[in-house]
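Now for the letters of each chain:
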Amino acid sequence: MALKCGIVGLPNVGKSTLFNCLSNARAQAANFPFCTIEPNVGIITVPDERLVKLAEIDRPQRVIPTTIEIADIAGLVKGASRGEGLGNKFLANIRETDAVIHVLRCFDDENVTHVDGSVNPVRDKEIIDIELQLKDLETVENRIAKVYKQAQTGGDKAAKRLYDILVRYKNALEQGKSARTVHIDNKEDRKSAADLFLLTDKPVLYVCNVDEKSAVKGNSYVDRVFEEVKDEDAQILIVAAKTESEIAELETYEDRKMFLNEIGLTESGVSRLIKSAYRLLNLETYFTTGPDESRAWTYERGTKAPQAAGIIHTDFERGFIRAEVIKYNDYAALGSESACREAGKISIEGKDYTVQDGDIMHFRFNV
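Residues numbered from 1 in each chain as written. Predicted model: local features only at pLDDT ≥ 70, side-chain atom pairs only at ≥ 80, totals over all residues. Heavy atoms only, no water.

1. Observations concerning the overall build of the chain
We apply this condition: Secondary structure elements follow DSSP: runs of H or I of four or more residues count as helices, runs of E of two or more count as strands, with numbering from the N terminus. Here's how the labels work: a residue is buried when its accessible area is under 20% of the maximum for its type, exposed when over 50%, partly exposed in between, all with a 1.4 Å probe on protein chains only. Contact criterion: two residues are considered in contact whenever any of their non-hydrogen atoms come within 4.5 Å of each other. Each accessible area value is a Shrake-Rupley result obtained with a 1.4 Å probe; residue values ignore everything except the protein chains displayed when judging cover.
From N to C terminus, the chain includes 14 helices and 12 strands. In the chain, which comprises 367 residues, the proportion classed as buried is 49%. Restricting to contacts in the chain with at least 6 residues of sequence separation, those with at least 24 account for 69%. Roughly 18400 Å² of accessible area belongs to the chain as shown, and the carbon and sulfur atoms make up 48% of that amount.

Shown next, in the form of structure tokens:
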């Protein structure tokens, strides 16, 4: 399952520095607006200690982790919804992503200018929110104009349902609320809503970019962000992007671990961010492993066994017979598939089985 996240924020809040931590690609991290004109895109591997353990056990020829695509999108400014600061181009780049990583500047540094003259992450957040909401309102109003007649006079039930959804979005956006605050329960309605590709309907992860001394507990700026978003369905992460970039330059794992320990962290901000992005999108991981290959596969929480098999190949889903499932903890403790089989730790599951995070799976199929 391909996952694409877009890093957004005002100019000079640390987006490109964070991107540099996440990817081997190197975006220009200059101290002026719009140093990123085209979105820099990097493919990063998802850190998973379980895959490392499976590889240690089976010693396969190949180890294949899951990946995330990260796009560093140029800084938005006031008026972006009207095309200010190349806004239309940047907003289109956001539309192509699955989730938004919204970077907020939560550090003081007189050597790094702020586009609005002072550090205020709540104000910065509101600027971005308003621009995205205005663009969504434009999208919704344009679609309302197209379906209104069908909904009111054409007897088209689908158009009527879509019209009702659009009106709900319009009301929320006009009140300064994001589209994600509109809860839609019906499955068909959710599909219609998703087809609108609204910018503020995307799940969001707020990254508070702090200085090194605030990397563990945050600071007063971070506290204000927590208070501001407490009623939102969103996640917040504290990351010292400049420090993380210095850690990323270290050659060995041991050196990076030592650096993290020195500042009071047990896990890098990069690792925490990727895991947060997974949770944000309700994603989990199952594994296949053996002497040829140990591999991690991404699926959406709640996926049934045949659909999980289809992630590997459509034939697996089409001809699904059963799944042989070993729990990760059992495999790690017993040390091999044969040992798990002898201990009765392999379960045989059918089409109604809901895949669980960490399952080690072997699919039987016939086409």
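2. Section: the confidence of the model for the chain
Cut-off, in case you're wondering: What pLDDT expresses is the predictor's confidence in each residue, scored from 0 to 100.
Taken as a whole, the chain shows an average pLDDT of 86; of its residues, 89% reach a score of 70 or greater. This stretch, residues 25-37, has a pLDDT under 50; its non-local contacts, to residues over four places away or in other chains, come to 35 contacts.

3. Structural notes on the packing of aromatic side chains
Selection criterion: Each Phe, Tyr or Trp ring (for Trp, its six-membered ring) is paired with any other whose centre lies within 6.5 Å, and the angle between the two planes then decides the class: stacked below 30 degrees, edge-to-face above 60, tilted in between. Ring-over charges, as used throughout, are those where CZ of Arg or NZ of Lys falls within 6 Å of the ring centre and within 35 degrees of the ring normal.
Tallied over the entire structure, the rule returns six aromatic pairs. Residues Tyr-286 and Tyr-299 carry aromatic rings whose centres are separated by 5.9 Å and whose planes lie at 40° to one another, so their mutual orientation is tilted. With Tyr-286 in strand β8 (residues 283-288) and Tyr-299 in strand β9 (residues 293-300), the pair connects residues that are 13 residues apart, well separated along the chain. As far as the burial class goes, Tyr-286 and Tyr-299 line up, both buried. Centre to centre, the rings of Tyr-286 and Phe-363 are 5.9 Å apart; their planes meet at 85°, and the pair counts as edge-to-face. Taken together, the positions of Tyr-286 in strand β8 and Phe-363 in strand β12 (residues 360-365) put the pair 77 residues apart, joining distant regions of the chain. Like Tyr-286, the residue Phe-363 is buried in the burial classification. Taken together through their ring pairs, the aromatic side chains of Tyr-286, Trp-297, Tyr-299, Phe-320 and Phe-363 make up a single cluster. The aromatic ring of Phe-107 is capped on one face by Arg-105, whose charged end is 4.5 Å from the ring centroid.

4. Concerning helix α1 (residues 15-22)
Of all eight residues making up α1, seven are buried, and the element is well covered by its neighbours. Taken together, the buried positions of α1 are Lys-15, Ser-16, Leu-18, Phe-19, Asn-20, Cys-21 and Leu-22.

5. Brief notes about the packing of α1 against helix α10 (residues 269-280)
Heads up, the condition is: Whenever a helix is involved, its axis is fitted only over the stretch in contact; in every case the axis is a line through C-alpha atoms, and angles between N-to-C directions fall within 0 to 180 degrees. Working definition: roughly parallel below 35 degrees, roughly antiparallel above 145 degrees, roughly perpendicular at 65 to 115 degrees, and oblique for all remaining angles. Put simply, Ala, Val, Leu, Ile, Met, Phe, Trp, Tyr, Cys and Pro go in the nonpolar bin, Asp, Glu, Lys and Arg in the charged bin, and everything else, Gly too, in the polar bin.
Relative orientation of the contacting elements α1 and α10 amounts to 90°, with a least axis distance of 9 Å. In terms of axis orientation, α1 runs roughly perpendicular to α10. The residues of α10 that touch α1, namely those facing Leu-18, Cys-21 and Leu-22, are Val-270, Leu-273 and Ile-274. Considering only residue class, the contact of α1 with α10 consists of six nonpolar, no polar and no charged.

6. What about unusual backbone geometry?
Of note in this structure, Arg-59 is not a glycine but carries a positive phi near 45°. You can see Arg-59 is positioned in the loop between α2 (49-58) and β3 (62-64).

7. Things to note about helix α11 (residues 305-312)
When we look at burial in α11, the residues that qualify are Ala-305, Pro-306, Ala-308, Ala-309 and Gly-310. The inward-facing, buried residues of α11 contact β8, α12 (314-318), β10 (320-326) and β12.

8. A short note on the nonpolar core
Using the following cut-off: To define a nonpolar core, start from buried Ala, Val, Leu, Ile, Met, Phe, Trp, Tyr and Cys residues and group those joined through side-chain atoms within 4.5 Å.
Counting residues in hydrophobic clusters, the biggest one holds 58 residues, and the most contacted among them are Leu-18, Leu-22, Ile-68 and Ile-70. Element by element, the count of residues in this core is highest for α10, at six residues. Once residues lying within four places of it in the same chain are set aside, the contact partners of Ile-70 are Cys-5, Ile-7, Phe-19, Leu-22, Asn-40, Val-41, Gly-42, Ile-44 and Ile-101.

9. Re the pairing of strand β4 (residues 67-72)
If a strand is regular, its side chains alternate between the two faces of the sheet. Note the cut-off: We treat two strands as partners when DSSP finds at least two bridges between them.
Where strand β1 (residues 4-8) and β4 come together, four bridges link them in parallel fashion. Of the residues in β4, the one forming a bridge with Lys-4 is Glu-69. Note that strand β2 (residues 40-45) and β4 share six bridges and pair antiparallel. When the sheet's bridge partners are listed, Gly-42 is paired in β4 with Ile-70.

10. Some points on the sheet that holds strand β7 (residues 235-239)
Backbone-to-backbone hydrogen bonds join strands into a sheet, with any given pair of strands oriented parallel or antiparallel. Judged by pairing direction, the sheet is mixed, and its six strands sit side by side in the order β2-β4-β1-β5-β6-β7 without closing on themselves. Unpaired on one side and paired on the other, β2 and β7 mark the two borders of the sheet. Within the sheet, the average angular offset between the axes of one strand and its neighbour, ignoring direction, is 25°. Against the sheet, helix α4 (residues 121-153) makes contact with β5 (99-105) and β6 (204-209), and its axis sits at roughly 145° relative to β5, the strand it touches most. The strands touched by helix α7 (residues 220-228) are β5, β6 and β7; relative to β7, the strand with the most contacts, the crossing angle is about 170°.

11. Looking at the pattern of salt bridges
Convention followed: The rule for a salt bridge is simple: a side-chain nitrogen of Lys or Arg has to be within 4 Å of a carboxyl oxygen of Asp or Glu.
Tallying each qualifying case throughout the model produces 23 salt bridges. Across the salt bridge formed by Asp-195 and Lys-191, the nearest N and O atoms sit 3.5 Å from each other. The residue Arg-341 makes a salt bridge to Glu-324 at a minimum N-O spacing of 3.6 Å. Here the residue Arg-341 occupies a position in helix α14 (residues 337-342), and Glu-324 occupies one in strand β10, the gap between them amounting to 17 residues.

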